[in-house]
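A closer look at the structure
Letter by letter, the chains look like this.
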Amino acid sequence: MPIKIKEHKDMTVLQYIRKKRGLKQEDIINSLQEKGQNISTHHYSQLERNVLQTFSVELAMAIAKTFNIQVEDFVEFEEASNEEMEITPDNYTKLPYYIKKEIGKGLKEIRNEKKILAEDAGEKIGIKAKNKAEPIYHLENGHGSKKRVEALCKLYGTTLEDVLNDYAYEAIRKKLR
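How each quantity is defined
- Residues numbered from 1 in each chain as written.
- Predicted model: local features only at pLDDT ≥ 70, side-chain atom pairs only at ≥ 80, totals over all residues.
- Heavy atoms only, no water.
- Helix = DSSP H or I, 4+ residues; strand = E, 2+ residues; numbered from the N terminus.
- Polar contact = N/O pair within 3.5 Å; in protein donor to acceptor, adjacent residues only side chain to side chain.
- Contact = heavy atoms within 4.5 Å.
- Core = buried A, V, L, I, M, F, W, Y, C linked by side-chain atoms within 4.5 Å.
- Buried < 20%, exposed > 50% of the residue type's maximum accessible area, 1.4 Å probe, protein only.
- Phe/Tyr/Trp six-rings, centres within 6.5 Å; stacked < 30°, edge-to-face > 60°.
- Lys NZ or Arg CZ within 6 Å of the ring centre and 35° of its normal.
- Arc of directions from axis to C-beta.

With respect to the side chain of N50
Among the structural elements, N50 can be located in the loop between α3 (41-48) and α4 (57-67). Polar contacts involving the side chain of N50 include one to the side chain of E7, which spans 3.2 Å. Those residues in contact with N50, other than ones at most four positions away along the chain, are K4, I5, E7 and T12.

Things to note about the nonpolar core
Counting 22 residues, the largest nonpolar core has I103, L107, I136, V149, L152 and Y156 as the members making the most contacts within it. For this core, the secondary-structure elements that each account for two or more residues are α5 (97-113), α6 (118-124), α7 (133-140), α8 (146-156) and α9 (160-176). Per element, the largest residue contribution to this core is five residues, and it comes from α5. Grouped together as the second largest cluster of nonpolar side chains are 21 residues, I28, L32, F55 and I63 included.

Details of the packing of aromatic side chains
Enumeration according to the criterion identifies zero aromatic pairs in this entry. The residue whose ring lies beneath K100 is Y92, and the NZ or CZ to ring-centre distance is 5.2 Å.

Observations concerning helix α2 (residues 25-34)
For α2, the full list of buried residues reads Q25, I28, I29, S31 and L32. The arc enclosing the buried residues of α2, seen along the axis, measures out at 160 degrees, which places them on a common side. Buried positions along α2 lie against α1 (13-20), α3 and α4.

Here's what the structure looks like:
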């Protein structure tokens, strides 16, 4: 079930509360880390901008405690239904994170089956970063662009549609039940 941070005017509730209290993201991150949460600036920023669709209950509770609010004050759950969600390669960018994560797991499985190192895969699809493996791991965890996912599929001799059907479909079906 996708999770969404509630909106307040043109920002999320988390952004609104933080700004209203004159806090910086670093203040919130430090407080969360003091509460035992291993959260990076990037991760919190994604959460605050409503880019993440899944996060732990522990993190939600730590955020609530940090802001002295209830989890229900900033989190809403969206019901996913089979009729609303068309799961195709054409709408990859609109797919919920949990589906992209399953696609990423499938890509990782194929890479491991083919005995290709992540760094080699990154180099072969033209990643310019110093650490070419990191963007591959990023894609395998459900993040990244359709263009890069399709480049990996081509490198592995498959298609996004095949990865979706062969690796992600069963896990997605379980989530939608």
